[in-house]
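The lines below spell out each chain.
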Amino acid sequence: MLVKEFIERYYVDRKSTHSVKWDGLSETYTKSDLLPLWVADMDFKVPEKVQEKLAERVSHGVFGYSLVEDEYYEAFINWQKKRHNIDLKQEWVRFTTGVVNSFNYLIQSFTQPEESVLILAPVYYPFFDAVKNNNRQLVVSNLVNTDGYYTVDLDDFEKKIVENQVKIFLHCSPHNPVGRVWSQEELLALFTICQKHQVKIISDEIHQDFIQPGRSFLSALSVSEEFLEDLFVLSAPSKTFNLASLLHSHVIIPNESHRQTFDDYLDKGIGSSVSVMGMIATEAAYTYGEDWVDDLINVIEHNFETMKSILEKELPHVIITNKEATYLAWIDLSYYLEKEELVDMMENKVGIAIDYGEWFDTHSATCIRINLATKTENIEEAMNKLVKVLKNK
Ligand SMILES: Cc1ncc(COP(=O)(O)O)c(C=O)c1O
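First, a word on scope: everything that follows refers to the structure included in this document. Just so you know, the residues in each chain are numbered from 1, in the order the chain's sequence is written. Selection of residues for local features in this predicted model requires a pLDDT of at least 70, selection of side-chain atom pairs for listing and counting requires 80 or more, and totals for whole chains, interfaces and linings are taken over all residues. Hydrogens and waters are ignored; side-chain quantities use all the structure's heavy atoms.

We now examine the side chain of Arg 259. Strands here mean DSSP runs of E at least two residues long; helices mean DSSP runs of H or I at least four residues long; both are numbered from the N terminus. Secondary-structure assignment places Arg 259 in helix α10 (residues 256-267). Salt bridges are absent for the buried Arg 259, whose nearest opposite-charge side chain, Glu 256, sits at 4.8 Å. By the convention used here, residues are in contact when the closest approach between their heavy atoms is within 4.5 Å. The residues touching Arg 259, leaving out its near neighbours within four places in the chain, are Glu 91, Trp 92, Arg 94, Ile 253 and Pro 254. A 1.4 Å probe rolled over the protein chains alone gives each residue an accessible area, and that area as a share of the maximum for its type sets the label: buried under 20%, exposed over 50%, partly exposed in between. Asp and Glu count as negative and Lys and Arg as positive, but His and the ends of the chain are not part of the count. Salt-bridge detection follows one rule: a side-chain nitrogen of Lys or Arg within 4 Å of a carboxyl oxygen of Asp or Glu.

This part takes up the sheet that holds strand β15 (residues 367-371). When DSSP finds two or more bridges between a pair of strands, those strands are recorded as paired. Strand order across the open sheet formed by four strands is β11-β12-β15-β14, with antiparallel pairing between neighbours. One side of each edge strand has no neighbouring strand; the edge strands of this open sheet are β11 (319-320) and β14 (355-356). Note: β14 against β15, two bridges, orientation antiparallel. Note that in β15 the partner of Tyr 356 across the bridge is Ile 368.

Another point: the nonpolar core. Only buried residues count toward a nonpolar core, which is a set of Ala, Val, Leu, Ile, Met, Phe, Trp, Tyr and Cys residues joined through side-chain atoms within 4.5 Å. Formed by 110 residues in total, the largest nonpolar core has its most connected members in Phe 44, Phe 157, Phe 169, Met 307, Leu 311, Met 346 and Ile 370. Each of two domains, domain 1 (3-46 + 290-391) and domain 2 (51-288), supplies a minimum of three residues to this core. Look past the residues within four positions of Ile 370 in its chain and what remains in contact with it is Leu 37, Met 307, Tyr 327, Leu 328, Ala 329, Ile 331, Ile 354, Ile 379 and Met 383. Phe 110, Val 123, Leu 170 and Ile 206 belong to the second-largest nonpolar core, a separate cluster that totals 27 residues. A domain assignment, automatic or from a database, supplies the domain bounds used here.

Another aspect to go through is the sheet that holds strand β8 (residues 200-204). Strand pairing in a sheet takes place through backbone hydrogen bonds and is either antiparallel or parallel in direction. Taken in spatial order, the seven strands make up an open sheet running β2-β10-β9-β8-β7-β3-β4, and their pairing is mixed. Looking at strand neighbours, the two that pair on one side only are β2 (93-96) and β4 (137-142), the edges of this open sheet. Strand-to-strand twist of the sheet, defined as the mean angle between neighbouring strand axes without regard to direction, takes the value 25 degrees. Every axis corresponds to a line fitted to the C-alpha atoms, with the helix fit spanning only the stretch in contact, and the corresponding angles, defined between N-to-C directions, vary from 0 to 180 degrees. Running at roughly 160 degrees to strand β9 (residues 231-235), helix α5 (residues 99-110) makes contact with β2, β3 (116-121), β7 (166-172), β8, β9 and β10 (249-252) of the sheet. Here helix α6 (residues 126-133) sits on the sheet in contact with β3, β4, β7 and β8, set at roughly 150 degrees to β4.

By this rule, a helix spans an expected 1.5 Å times one less than how many residues it contains. For α10, which comprises twelve residues, the first-to-last C-alpha distance of 16 Å matches the rise-based estimate of 16 Å (1.5 Å per residue) to within 8%. Of the residues making up α10, those classed as buried are His 258, Arg 259, Phe 262, Asp 263, Tyr 265 and Leu 266. Relative to the axis of α10, the buried residues are bounded by an arc of 160 degrees and lie together on one face. Exposed side chains of α10 directed beyond 90 degrees from the buried face belong to Glu 256 and Asp 267. Tucked into the core, α10 has its buried residues touching β2, α5, β8, β9 and β10. The N-terminus of α10 is capped by Asn 255, whose side-chain oxygen sits 2.8 Å from the backbone nitrogen of Ser 257. Think of the arc as the fan of directions from the helix axis to the C-beta atoms. Under the rule applied, a polar contact is a pair of N or O atoms within 3.5 Å (in protein, one hydrogen donor and one hydrogen acceptor; residues adjacent in sequence only if both atoms are side-chain atoms).

Attention shifts here to the pattern of salt bridges. One pass over the structure, following the stated rule, counts 24 salt bridges. In this structure, Arg 83 engages Asp 294 in a salt bridge whose closest nitrogen and oxygen atoms are separated by 2.9 Å. Of this pair, Arg 83 sits in helix α4 (residues 70-84) while Asp 294 sits in helix α12 (residues 290-314); the two residues are 211 residues apart in sequence, bridging distant segments of the chain. On the basis of relative accessible area, Asp 294 is assigned to the partly exposed category, the value being 33%.

It is worth spelling out the packing of aromatic side chains at this point. Aromatic ring pairs are defined here through the distance separating the ring centres and the angle between the ring planes. Between the rings of Phe, Tyr and Trp (Trp by its six-membered ring), a pair exists once the centres lie within 6.5 Å; its type follows the angle of the planes, with under 30 degrees stacked, over 60 edge-to-face, and the other angles tilted. With the rule as written, the count across this model stands at 30 aromatic pairs. Note on Tyr 73 and Phe 95: the rings are 6.0 Å apart at their centroids and 55 degrees apart in plane angle, and the pair reads as tilted. Of this pair, Tyr 73 sits in helix α4 while Phe 95 is found in strand β2, placing the two residues 22 residues apart along the sequence. When sorted by exposure, Tyr 73 lands in the same class as Phe 95, which is buried. Among the aromatic residues, those joined into a cluster by ring pairs are Tyr 29, Trp 38, Phe 103, Tyr 124, Tyr 125, Phe 127, Trp 330, Tyr 356, Trp 359 and Phe 360. Two conditions define a charge sitting above a ring: the NZ of Lys or the CZ of Arg must be within 6 Å of the ring centre, and it must be within 35 degrees of the ring normal. One Lys or Arg, Lys 49, reaches over the ring of Tyr 288 and ends 5.0 Å from the middle of that ring.

Written out as structure tokens, the structure reads:
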């Protein structure tokens, strides 16, 4: 399907639909009449088949406690195999109401208060909160930024692990916000260091389906069998198919004894029931949604290229990170403004709501993160306004 066709068919006006992104601006920003390019959900409707299956269930009219049937596992496991060459076993899978909840639960069940958890920054800000709010010690290894291309400083990573007796490495793969798809060499190096120091790995793979065409994603599950012992992988259909509010996600735990520990933990709290609407939507999405995702990726790429060509032409000193994955663009405006000016510029002059770099890390205070999962017109409007303001500054 052409980009234009996809947008015409799936783009919807989300104002007044309880949308955090469109209706909840005033809780985060100084005004509410901003063009919203922040929260990571999309302005596109789900595939028709997903809507259809949900509607069937709604007309059934009963929403009692629900089982996960074999067909569900089949759809999920097939998707993982076909799209990412991941060999997944049904018994490894557990369900929770969201990926942020999942990494909080894992930190609670596999570390003690005051023990250390390491993250690579900049990174999705709930990573910081999960460590701090659980009274664990936050250990940060900064990614190395070379003109907008981010890599890991392995010496610093290992040094921090040793110095702080780190228990868990919470990893974002692919990476939000810097858009990296980590290579086999990078993952191998990171995981080898973790294994050497008995550090458990949580790999948040929620962005796994938004991979730049021509690239492939390598799951932590596929790096080497030897790392499966101490690995937890988080995935969900919520980013890929725009289902965040249906509260359904996966925790994949290959190690049987860790599964038992996690099950015992869940038994004391949220239990093992699943969101029936989340499950139905997900099964339909994984069964019928492949073409829709491929078309969507083309829209994201088109929006990224549109953004890039406006900025490269008009503001050549903006540093645009090459987005290898995700639907989020990460750009550095340091040539054009001081960090103290950023909020006023974006909200009062440009009129856009974006994620501010400092939410992801103190060193990124002149960066912004732009959500590209909207109609191209919105990206053009935002970029043209940004150009006008920064050029006339
Ligand atoms: C890396 C990452 N993990 C988790 C989430 C949120 O997941 P959930 O809504 O399932 O808690 C996001 C949302 O943007 C994300 O970028």
